[in-house]
Every structure is written in C-alpha cells, then in structure tokens.
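Structural features, examined
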Amino acid sequence: MSGSPRVLLGLAAVAVAFAAADTYVVVLALPEMVGAVGVSTEELQRAAPIISGFLLGYVAMLPLIGRIADLRGRVPVLVAALVIFAFGSLVTTLAYDMPSMVSGRFLQGLGGGGLVPATLALVADLYPRERRGVPLGVVSAVQELGSVIGPLFGAVVLAVADWRAIFVINLVVGLVLAAAIRALRDRPVPEDMPQEEDRRKGLPDFLGALLLLVTLGAGALVFLRPAQLLRDLTWGQMFIPFAGDGRWLTPVGATAVVALLLLVVRCFTARRPLVDGPSWVRSARDADLTGALFLAVALGGVILTFATADPKIQLVADQGWWYLTGSAIATLALVVHLRRTPSPLVPRGALRRTPAWGAIVVSFFVGAALIAALIDIPLFARTTVHRDSQLMAALELVRFLVALPVGAVVGGYLTRRFSAGLITAVGMLMAAAGFVLMTRWDITSLDSLHSDATLVLCGFGFGLALAPVNAAILASTDDDVHGVASAMVVVARMVGMLVGISALTAIGLRRYYAYLEDNPMPAAREVCDGKTRCRAFSDLLAGAGIPQEHAVFAGAAVCAVLAAGAALVLFRGAETRSFSTADVLRAGG
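Read on for an overview of the structure. What you are looking at is a predicted structure, and each value in this text was computed from that prediction instead of being measured. (Residues numbered from 1 in each chain as written. Predicted model: local features only at pLDDT ≥ 70, side-chain atom pairs only at ≥ 80, totals over all residues. Heavy atoms only, no water.)

Right, let's get into the overall build of the protein. Broken down by element type, the protein carries 23 helices and 0 strands. Sorting the 589 residues of the protein into buried and exposed places 51% on the buried side. If you sum the accessible surface of the protein, you get close to 26300 Å²; carbon and sulfur atoms cover 66% of it. (Helix = DSSP H or I, 4+ residues; strand = E, 2+ residues; numbered from the N terminus. Buried < 20%, exposed > 50% of the residue type's maximum accessible area, 1.4 Å probe, protein only. Areas by Shrake-Rupley, 256 points an atom, 1.4 Å probe, with all protein chains shown as cover.)

Printed below as a string of structure tokens:
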C-alpha cells in the first residue's frame, strides 16, 4: 500500500476527532453562548435547541451521507463534510440570535457526523477484512477522544479568549483539513475504492468564486453589523430594512441573498462550476433522497422527544407525544417507500446477514449504557464531593474517558485474533461490572482509590467493544454499502443514548421519590438551626440523591449485559479474524 492512503486515513481520523470534540466543546461555553444571543443564565433551559440542533444534524442525515459515500466516493464526501462543518462554525461564530446559532450548530453536526461513516468505510477500502481491527480501533479511539479533548479545548480557549474563538479555530482547522484531503484526491489509491467521477478540465470558476466572496462578505456584514458602518450616513442606509425589522430585509441582506441565488444558478449551469451542483443532486437522488428525508423526520422526532426534555422532571418533552406521532407517521411512510422504490436508501438485502443487523442492535444497547456514564458520573460527583464546582465534577469523568480510547485500540487489536462477539461481550461485561460497583458508591467514594479503578474498568470495557461492533458490520456487508451500513451503526448508538438517558433517568426519579416517601426530608431550618442552608442539610440532600444515581447505574449495567449477550449470539457469523474456523479445520486436517 502506498503512503498516500495512509496519510488520507490519518487526516480523516484527525477530522473525526476534531468534529467529535465539537460535540462536547459547548459544555463550558454554553452560558456565554446563550448570553450572546440574549438569553440569561437563569433561562439556561432555553439553550436546549443549541444541543438538540447539533444532534439533529449529526444523526438525521447520516444514512444519506453514508449512502452517497458508497456511490460517489469517500474523499468527496470527506471534503464536503469538512466544508459544511467549517461553514457551520462560521455561522455559529457570527450568530446574533438563537435561530442563527442553532442553524450553525445544525450545520456543524451535519458536517461532523458525515465524517464518521465515510472514514469507517475508508478503513474497509484500504484494509482487508482480517486487518481492519486496529485501524477501526484507532478511528473509534479518536472519535471517543473528542469527549476528553472537547471540554479541555473549550476551557483552554475560554481562559484566553471568548467563546467565539472556539468556532473560529474550528473554521480554520476544518478548511485546512478539507484542503489537505482534497490535495490527496488524485494520488494512487486501491483500485476497488469508490472513486469520484472525472471532472472536466478547464480554468477555475472565477465568477463562482467572486459570487461566493460577495455572499460571505455581505452575509458577514448582516451578522456583525459593524458600529462604524451603522453610524455612517451613507453606509448606514445599507442596514435599514425595506420593511419590518429583519436583518435580511436590508440592502446588504438582499445583496447576500441575491449573490447566493446567483451562485446556486452558476453551480448548476457553468461548464466547470465551483461546486458541481448537478453531480451532487444526482448522487443524492441515486442515494434515495426521499427515503433519507422520511428517515430524518423519523429520527428527528425521536431526538426532539428526548433531547428537549428536562431530565430532572420528565421522561419526554412537553411536545414529545406530538414529536413521536410525527416520527411514527414518517416511519410508516419510509417503510412504504422502501418497498416501492427501485433504489432504496438501504439496498435490499444489505443487512440480511445476522451480524450486520445485529451490530445495529448491539450498538443501540451500547449507547444506552454509555450515556449513563457520561451524564450520571459527573452528576454523582456534583451531588457528593464537588457541590460547588461543575468543572471539578466533570473532571471526575476524565479517568473513564482516558481509558475508553485505550480500550478501543486494544479491542481493535484483539479482533484480529478473537471473534468480534467475544471481544464485545467481554468489554460490555467489564462495563457492567463497573456500573455494579458504582451502585455501591456512597457520599465519600469518589475520594477513594477504588473509584478510580472502577472508572478505568468501565471506560476500558466500553472502548474494548467499539471496534468489534464496526468490524462485525463491515465484515458482514458488501463493499458497496459500507458507508450506509456504518452510518446505521452510528445512528443506532446515538438513538440508544437519547432513549437510554430518558428511560434511566425516569427509573432514577422513581427511586428518588420512593426514597423520600420512606425517609421524609426535614425542613432546612430544622437541621440548620433556623438557617436556610448548611452542610448538614446538603449532606441530607446528597443522601437522597444517591439512590437515584444507584438506580441509573443499575439500569446501565442491565443495558451493558444485554449488549454483551446480543453480541455473543448475533456476531457468531462475523469473520473478522486473520484466520477463520474453516482455515483452522483445514490446517488440522
């Protein structure tokens, strides 16, 4: 294999890590972000669309992007995803209200999510089945490393600049990676790797580039509204609305919109456009855009139902049943559509092998268990030993998050020698054991050494299971559906996380209220000698919250055991090792 494919995979892995970090980068920056768009910190619950918007972009269109990667090639999709991610970062940086910020985060999620299936499929293109374990482990590791890097990256940037600098860095890195990957496009690659169609030769599209610059320049002015221009008697008129008070109903806003429309027309009519519009539309149509939209609505309903709920008081959002109704209707429409269309989003028979659809089932339960660790370990820390510091509570998770990518690489290596089902089962049983140990934590447990060992055990177990799941579905599907198959695994895991956190939180709340019925809480003034707050009362509140977290950890242990059992049963036919059972029998004969 030449060096170029290895460099390409390395750049793609870096892109996946950076996009994954963006999932968690808002943890510390969220109060400043919502404050910049006019939402006070007392109304932080209104920031939910910033998070759910990213999740919608990340999950809803993943199958379509994965299918386009199968039809068009991995490199064009990687480049396009990075450009979309960079543009979303630009919109988020310049956001002036909640809709613009949510739109930016949606685009970031769309671009960042699109990198994952293309990169996993790229591994399958570059490596034979028996050698995919380690590179899949590396990709899984860098993806999970984002959960470590994201909050730390955000904290470092916020220490020296404001939140917008985070997304400026995202913009620069995204464009640099896109340019580097595009530069490798014409290098030698394996013959069986899906290739981009030959582009027509000719001069660069200078007119298209000019229209793009006008669109970006005028759009930036709409977002920024520089004070010097606003006060100028001549230039200030460019910011006066034609009607109403909308920023886009101004001369500068109209300039941006008209330039964008002309750019779109140019991309569909020019001989060698800046972006080959007809080619991408053809790819989306061939990938079953209609089916992808039905699936996006179905997934979007599930995401909004659980992601916009307040986990402290409810299982689903206030409008959750309407979201679920829309999701059910979209699912029914999708089933009818897939039966009738000649070229469905997921080709018929693509997931017919048991390990293929089994990987989706296992991934769902892995996600349902994983989210309990990511959310409830910091919550337990905040309830007990770090009541005054959200940052210190979040840092308790570092031991878990550091062990996870290490386990991912080890799991990838072991997949070359042992079955994917065995490695996944061992990993998830280790995670389950970690959760069982967490059910015995008390108010001082996080100050002791055994909690460190528990977190490492649990994180390493999750990491161990990641690469075998991806290896199983890639080994059990045809080469021309690796992109969409990988996307379905990621979607299942994300949906599992959303459903899991809501279901486990509901179980925890039921346990919490049952504890209060059995152990009525005295009034604060009775405990604190007439004061409204004291250490003794805080200890009582912490003691009431611990059974709730124990119930969540127990539920997560059950999900982990279900994942382990499913992997043992469903991955039996997945040959991911460097030798098969048949090979051993022949050698013995």
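Here the narrative resumes.
Over the atoms, a rolling probe the size of a water molecule traces out where space has been left empty. Enumeration over the complete set of coordinates arrives at 1 cavity of 30 Å³ or more. Each pocket or cavity is described by its volume, and for the largest cavity that value is around 30 Å³. F18, A21, D22, V25, F153 and N170 are the residues that line the largest cavity. In terms of residue count, the dominant contributor to the lining of the largest cavity is helix α1 (residues 3-24) (3 residues). When grouped by side-chain class, the residues that make up the lining of the largest cavity number 4 nonpolar, 1 polar and 1 charged. (1 Å grid on protein atoms, 1.4 Å probe; cavity = no way out; pocket = protein on both sides within 12 Å on 5 of 7 lines; lining within 4 Å. Points joined across faces, edges and corners; volume = space filled by probe spheres on them. Nonpolar A, V, L, I, M, F, W, Y, C, P; charged D, E, K, R; others polar.)

On to the nonpolar core, then. Membership of the largest hydrophobic core comes to 121 residues, with the highest contact counts inside it found for F400, F435, F462 and F571. No other element matches the 15 residues that helix α15 (residues 354-383) contributes to this core. Not counting the four nearest positions on each side in its chain, F435 is found in contact with A369, A372, A373, C458, F462, F553, A556 and A557. By size, the runner-up hydrophobic cluster in this structure holds 16 residues, among which are L30, M98, V157 and I166. (Core = buried A, V, L, I, M, F, W, Y, C linked by side-chain atoms within 4.5 Å. Contact = heavy atoms within 4.5 Å.)

Its 27 residues give helix α19 (residues 449-475) an end-to-end C-alpha distance of 41 Å, which sits within 8% of 39 Å, the value for a rise of 1.5 Å per residue. Across the 27 residues of α19, 20 count as buried, placing the element largely inside the fold. (Expected span 1.5 Å × (residues − 1).)

Attention shifts here to the pattern of salt bridges. All told, the structure shown has 7 salt bridges when counted by the stated rule. Where D125 meets R74, a salt bridge forms, and the shortest distance between an N and an O atom there is 2.6 Å. Pair noted here: D125 is in helix α6 (residues 98-126) and R74 is in helix α5 (residues 74-94), with a separation of 51 residues, a long-range link. Neither residue differs from the other here; D125 and R74 are each classed as buried. (Salt bridge = Lys/Arg side-chain N within 4 Å of Asp/Glu carboxyl O.)

Take a nonpolar patch on the surface next. On the surface, a nonpolar cluster with roughly 380 Å² of combined accessible area is contributed by F87, L212, L216, L274 and V275. Note that L212 resides in helix α9 (residues 206-224). (Patch = residues over 30% accessible without salt bridge, like charges linked within 9 Å, V, L, I, M, F, W, Y side chains within 5 Å.)

Here the focus is helix α4 (residues 62-72). The element α4 is largely enclosed, with a buried count of 10 among its 11 residues. The set of residues buried in α4 consists of L62, P63, L64, I65, G66, R67, I68, A69, D70 and R72. Just beyond α4, the residue with positive phi is G73, at close to 125 degrees.

On to unusual backbone geometry, then. One non-glycine residue, R225, lies in the positive phi region at around 45 degrees. Summarising the element assignment, R225 is placed in the loop between α9 and α10 (227-231). Residue classification places R225 among the partly exposed residues on the basis of a relative accessible area of 27%. Here the phi dihedral of D288 falls at roughly 75 degrees; this positive angle occurs in a residue that is not glycine.

Counted according to the given criterion, the structure contains 12 aromatic pairs. Between Y96 and F223, the aromatic rings sit 5.4 Å apart at their centres with planes inclined by 70 degrees, giving edge-to-face as the arrangement. Within this pair, whereas Y96 is found in the loop between α5 and α6, its partner F223 is found in helix α9, the two being separated by 127 residues in sequence. F223 sits in the buried class, given a relative accessible area of 14%. Through a chain of ring-to-ring contacts, three or more aromatic side chains come together here, namely F380, F400, F435, W441, F462 and F553. Above the face of the W280 ring, R72 is positioned so that its terminal group lies 4.0 Å from the ring centre. R247 extends its terminal NZ or CZ atom over the ring of Y96, reaching a point 3.8 Å from the ring centre. (Phe/Tyr/Trp six-rings, centres within 6.5 Å; stacked < 30°, edge-to-face > 60°. Lys NZ or Arg CZ within 6 Å of the ring centre and 35° of its normal.)

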